[in-house]
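An overview of the molecular structure
Here is how the chains run, residue by residue.
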Amino acid sequence: MTLAVSGLAFPCHRLTVGRRTSPVQTREQTEEQCTDVHMVSDSDGDDFEDATEFGVDDGEMFGVASSALRKSPMMPENAENEGDALLQFTAEFSSRYGDCHPVYFIGSLEAAFQEAFYGKARDRKLLAIYLHHDESVLTNVFCSQMLCAESIVSYLSQNFITWAWDMTKEANRARFLTMCTRHFGSVVAQTIRTQKTDQFPLFLIIMGKRSSNEVLNVIQGNTTVDELMMRLMAAMEIFSAQQQEDIKDEDEREARENVKREQDEAYRISLEADRAKREAQEREMAEQFRLEQIRKEQEEEREAIRLSLEQSLPPEPKEESTESVSKLRIRTPSGEFFERRFLASSKLQVVFDFVASKGYPWEEYKLLGTFPRRDVSK
């Protein structure tokens, strides 16, 4: 008898096995004990029973990943940028496995490095890279039972930046291997390249170091929740020890920089004070020079006026002059005396001009008579 004759026609069937009846059992007993045997054909259309009624996933029953039967890929092939690819990956991951899953970083792998490794030492985290593969039989179990376990999701959220990539399509696989070579080196890239499909998905734990990025662990899909958690915690212990050293170095560096900033600020203030003092001295010297110039100009002007007055004075009358002559003796504030003869008919202004020609202008000095004492200038 062929499969077609027996009713096992294209495309597929689900079978379960029940115990045979003994020869002494009646026909009714045989029919009753064999009710556990099922044979259902996809060709039955609406009468096709869901495999979940038997607690068995389609992919697990036929040895293929159920995700391979899905139409929507986890990630578009040849996406223009990694951010768009990760947006579709996150949406598809949520639709397949629910909303309780790691928060995937949306952006390039390099941007994920920046977020994880290049902040303050206290804020740095480990980088977890999840590599998905739809053709691996381990993928559904790993995602649903381990990666989406609340304990794993919570621990990753607190301590890791999680980035993901889909290795199902060859173009996306080649693209990641190129990124891997650039960021981790050819050895790590070759390690991932040699992983077989049934070893996926992979979970890479990356720690940022001063000189390079170090891959602490490569976790394959055939693991358990407890083992996955233990390996994440082991990576965190290594990272925490390195982080404490980085924090110490950063604190010491910041302390040195603070001292240097304080010294630079004190030096700047000192330079500013010296500059202000120098500018004040320069202003003072400039003011002194300006005043000196004014004084010189005033003296030159007064000297010119004095010479002009001296030249404009009428000649001193002779002693034997027939006209009435007044002989005046003038004492200066310094105690010096000047004597000169004036015609009695001369105006008083001539006397003032004579005194001014000696350096005592009437605008600044007054002429006093001795007896009786009176101000002749008025």
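Residues numbered from 1 in each chain as written. Predicted model: local features only at pLDDT ≥ 70, side-chain atom pairs only at ≥ 80, totals over all residues. Heavy atoms only, no water.

- Per an unreviewed UniProt entry, the protein chain carries the name FAS-associated factor 1 and comes from Colius striatus.

**Structural notes on the overall build of the protein chain**
- Assigned secondary structure in the protein chain consists of 11 helices and 10 strands.
- The 378 residues of the protein chain split such that 34% are buried.
- For the protein chain, the accessible surface area stands at approximately 24,500 Å², while carbon and sulfur atoms represent 51% of it. (Helix = DSSP H or I, 4+ residues; strand = E, 2+ residues; numbered from the N terminus. Buried < 20%, exposed > 50% of the residue type's maximum accessible area, 1.4 Å probe, protein only. Areas by Shrake-Rupley, 256 points an atom, 1.4 Å probe, with all protein chains shown as cover.)

**Brief notes about the pairing of strand β4 (residues 160-166)**
- The element β4 is extensively covered by neighbouring structure, given that seven of its seven residues are classed as buried.
- When strand β3 (residues 126-132) meets β4, the two strands line up parallel, connected through seven bridges. Bridging across to β4, Tyr130 finds its partner in Ala164. (Pairing = 2+ DSSP bridges.)

**Quick look at the packing of helix α5 (residues 109-117) against helix α8 (residues 170-184)**
- Where α5 contacts α8, the two axes come as close as 11 Å, and the packing angle between them is 40°. By the angle class used here, α5 and α8 are oblique. Residues Leu109, Glu110 and Phe113 of α5 form the contact with α8, whose participating residues are Met179, His183 and Phe184.
- Its residues assigned to classes, the contact of α5 with α8 shows four nonpolar, one polar and one charged. (Axes fitted to C-alpha atoms, helices over the stretch in contact; angles between N-to-C directions. Parallel < 35°, antiparallel > 145°, perpendicular 65-115°, else oblique. Contact = heavy atoms within 4.5 Å. Nonpolar A, V, L, I, M, F, W, Y, C, P; charged D, E, K, R; others polar.)

**Examining the sheet that holds β4**
- Strands sit in the order β4-β3-β5-β6 across an open sheet of four strands; the sheet is mixed. A single partner strand is all that each edge strand has here, and the edge strands are β4 and β6 (213-219). Averaged over neighbouring strand pairs, the angle between their axes works out to 25° when direction is ignored.
- Examined bridge by bridge, strand β5 (residues 202-208) and β6 share six bridges and lie antiparallel to one another. Bridge pairing in β6 links Phe203 to Ile219.
- Packed on one face of the sheet, helix α4 (residues 82-97) meets β3 and β4 and runs near 90° to β4.

**Brief notes about the packing of aromatic side chains**
- Per the counting criterion, the structure on display carries 15 aromatic pairs.
- Pairing Phe117 with Tyr118 gives two aromatic rings, centres 6.4 Å apart and planes at 75°, and the pair type is edge-to-face.
- Considering the side-chain rings of Phe342 and Phe354, the 5.7 Å spacing of their centres and the 75° angle between planes classify their relative orientation as edge-to-face. With Phe342 in strand β8 (residues 337-343) and Phe354 in helix α11 (residues 348-357), this pair connects stretches of sequence that are 12 residues apart.
- A relative accessible area of 5% places Phe342 in the buried class.
- Residue class for Phe354 comes out buried when judged on its relative accessible area of 7%. (Phe/Tyr/Trp six-rings, centres within 6.5 Å; stacked < 30°, edge-to-face > 60°.)

**With respect to the environment of Met167**
- By secondary structure assignment, the location of Met167 is in the loop between β4 and α8.
- Separated by 35 residues in the primary sequence, Met167 and His132 place their C-alpha atoms 5.8 Å from one another.
- Leave out the neighbours within four places in its chain, and Met167 touches Leu131, His132, His133, Arg173, Phe176, Ile192 and Phe200.

**Structural notes on the nonpolar core**
- Judged by nonpolar contacts, the single largest core of 58 residues is most densely connected at Leu127 and Trp163.
- Sequence-distant contacts of Leu127, that is, excluding residues within four places in its chain, are made with Leu109, Ala112, Phe113, Ala116, Phe117, Phe160, Ile161, Trp163, Leu204, Ile205 and Ile206.
- Ranked by size, the runner-up nonpolar core spans 12 residues in total, among them Phe342, Phe352, Tyr360 and Leu367. (Core = buried A, V, L, I, M, F, W, Y, C linked by side-chain atoms within 4.5 Å.)

**A look at the pattern of salt bridges**
- Evaluation of the coordinates by the stated rule reveals 21 salt bridges.
- Taking the shortest distance from any N to any O, the salt bridge between Glu316 and Arg341 comes out at 3.8 Å. Taken together, the residues Glu316 in the loop between α10 (225-312) and β7 (325-331) and Arg341 in strand β8 connect sequence positions 25 residues apart.
- Glu339 is the salt-bridge partner of Lys327, the closest N and O atoms lying 4.0 Å from each other. (Salt bridge = Lys/Arg side-chain N within 4 Å of Asp/Glu carboxyl O.)

**Details of the state of the cysteines**
- For the structure shown, the criterion picks out zero disulfides.
- Looking at the unpaired Cys143, the closest cysteine sulfur is the one in Cys148, lying at 6.4 Å.
- The exposure class of Cys143 is buried, given its relative accessible area of 0%.
- Of all cysteine sulfurs, the one in Cys100 lies closest to Cys148, which takes part in no disulfide; the gap is 6.4 Å. (Disulfide = S-S within 2.5 Å.)

**Considerations on helix α9 (residues 186-193)**
- Residues Val188, Ala189 and Ile192 constitute the buried set of α9. Along the axis of α9, the buried positions cluster into a sector of 100°, meaning they face one direction only. α9 presents Ser186 and Val187 as exposed residues on the side facing more than 90 degrees away from its buried surface.
- Elements in contact with the buried residues of α9: β3, α8, β5 and β6. (Arc of directions from axis to C-beta.)

**Digging into the side chain of Thr162**
- Positionally, Thr162 belongs in strand β4.
- Beyond its immediate chain neighbours, meaning those up to four positions away, Thr162 contacts Pro102, Val103, Tyr104, Phe105, Ala128 and Leu156.

**Some details on α4**
- Over its 16 residues, α4 extends 22 Å from the first C-alpha to the last, a length consistent with the 22 Å expected when each residue adds 1.5 Å.
- Along α4, the residues classified as buried are Glu82, Gly83, Ala85, Leu86, Phe89, Thr90, Glu92, Phe93, Ser94, Arg96 and Tyr97.
- Turning to α4, the residues buried within the fold contact α5, β3, α6 (139-147), β4 and α8.
- Its side-chain oxygen placed 3.1 Å from the backbone nitrogen of Gly83, Asn81 serves as the N-cap of α4. (Expected span 1.5 Å × (residues − 1). Polar contact = N/O pair within 3.5 Å; in protein donor to acceptor, adjacent residues only side chain to side chain.)

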